[in-house]
Amino acid sequence: MGLFDAFKKKPAAKKPVRRPMMRPAGMGGMPPHPEPSADNNFIIVILDSLRYDSYMEAAPKVISKLGKVERRYSYASWTAPSHYNLLTGLLPHNTPDNVYASEYYKQDFLNYNTRLGAKDIEFAKMVPGLWFPELLRNNLGFSTHARVSLPVLNPKTGINRCFDSFQLMDSHNDMRAMLPTLEFSSDRPAFYLLNVGETHYPYAKPDEDSSMWPRISGVNGVFKKLDKCTDAEGNLIEDDTEFFDQDKLDQLRERQIDTVRYLDGVFEELYDTVPDNTWIVVTADHGELFGEKGYFGHGPIMHDKCFEVPFLEGKIR
Ligand SMILES: [Zn+2]
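Below or above, wherever it landed, is the structure these notes cover. (Residues numbered from 1 in each chain as written. Predicted model: local features only at pLDDT ≥ 70, side-chain atom pairs only at ≥ 80, totals over all residues.)

Buried residues of helix α4 (residues 132-139): Phe132, Pro133, Leu135, Leu136 and Arg137, and no others. On the buried face of α4, the contacting elements are β3 (143-148) and β5 (190-196). Positive phi shows up at Gly141, right after α4, with a value of about 80°. (Buried ≥ 20, exposed ≤ 12 C-beta atoms within 10 Å, placed from the backbone. Helix = DSSP H or I, 4+ residues; strand = E, 2+ residues; numbered from the N terminus. Contact = placed C-beta atoms within 7 Å.)

Further remarks concern the pairing of β3. Within β3, six of the six residues are buried, which leaves it mostly tucked inside the rest of the structure. Residues Ser143, His145 and Arg147 point to one face of β3 and Thr144, Ala146 and Val148 to the other, with burial holding for every one of them. Inspection of the sheet shows β3 paired to strand β4 (residues 165-168) by four bridges, in the parallel sense. Of the residues in β4, the one forming a bridge with Val148 is Leu168. (Pairing = 2+ DSSP bridges.)

So, about the nonpolar core. With 57 residues, the main nonpolar core has Ile43, Val45, Leu116 and Leu194 as its most contacted residues. Take this core: its biggest share by element is seven residues, from helix α6 (residues 246-273). Contact partners of Val45, with chain neighbours within four places excluded, come to Leu194, Val196, Ile280, Val281 and Val282. With nine residues, the next largest nonpolar core counts Ala204, Phe290, Phe296 and Phe307 among its residues. (Core = buried A, V, L, I, M, F, W, Y, C linked by C-beta atoms within 7 Å.)

Spelled out as structure tokens, the structure:
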């Protein structure tokens, strides 16, 4: 049992591609799509928990064809708020000097005209919902889709708003399984949010035997033991599990780097799948600590390595 198992059904054996139900227009508060007014499909790929320096060390050749890799910073330190933030249209920032925040936001938002092949996109059009999928779908005529790996982003959560389809994948670490579910049409552009789990703890490739995964009691058990973490008097029971030593943490970091090298092959298939008029952003929702400050993971910690993320974007052809 791992972190994710408490949330999920047992993954089924190999079976045909499962496409999510499309939410019918006109139901659930969703108006019909307007005529499209953007030229490009738009895909944001979130490599969950991927540190900037892990990406650089992996040096993935295919992913990097998109454009120059930048060191950027996530607005939040864990998955749920970071994805919420991304879906307000705010991609990781470059911590600029000598600028008003409002000017940075305004400029950053103007970049969407290039990304989407559209005109007159500005932040004011997001008011009052402040929700990018709403702008894409109800204003620019996109079909809007999410494929997520981490159960903390499941379709029952608040981020599933203004999506035509939203799917929690059967496996938390199989980006390749998302590819057959992607559909593009010449009738209207498509937006896809792809949350990729291979780079998240336990940094496992889909074909790796889960009995070989590195185990951390406090991480694997954090949810399933919530009801057993206090004694009869209500006092917190101290976890006596030993912390990973630095050698083990270094191995975990190597595992994350290795998943990026593996994913480079999956991106080759993604790049072959998408039509020419597709703008792709690749980034992470936050970083990870591998022993810095005696800490492992992300979340309740203030440290550069928890916020530094890779960022690159462009059209593949
Ligand atoms: Zn995350």
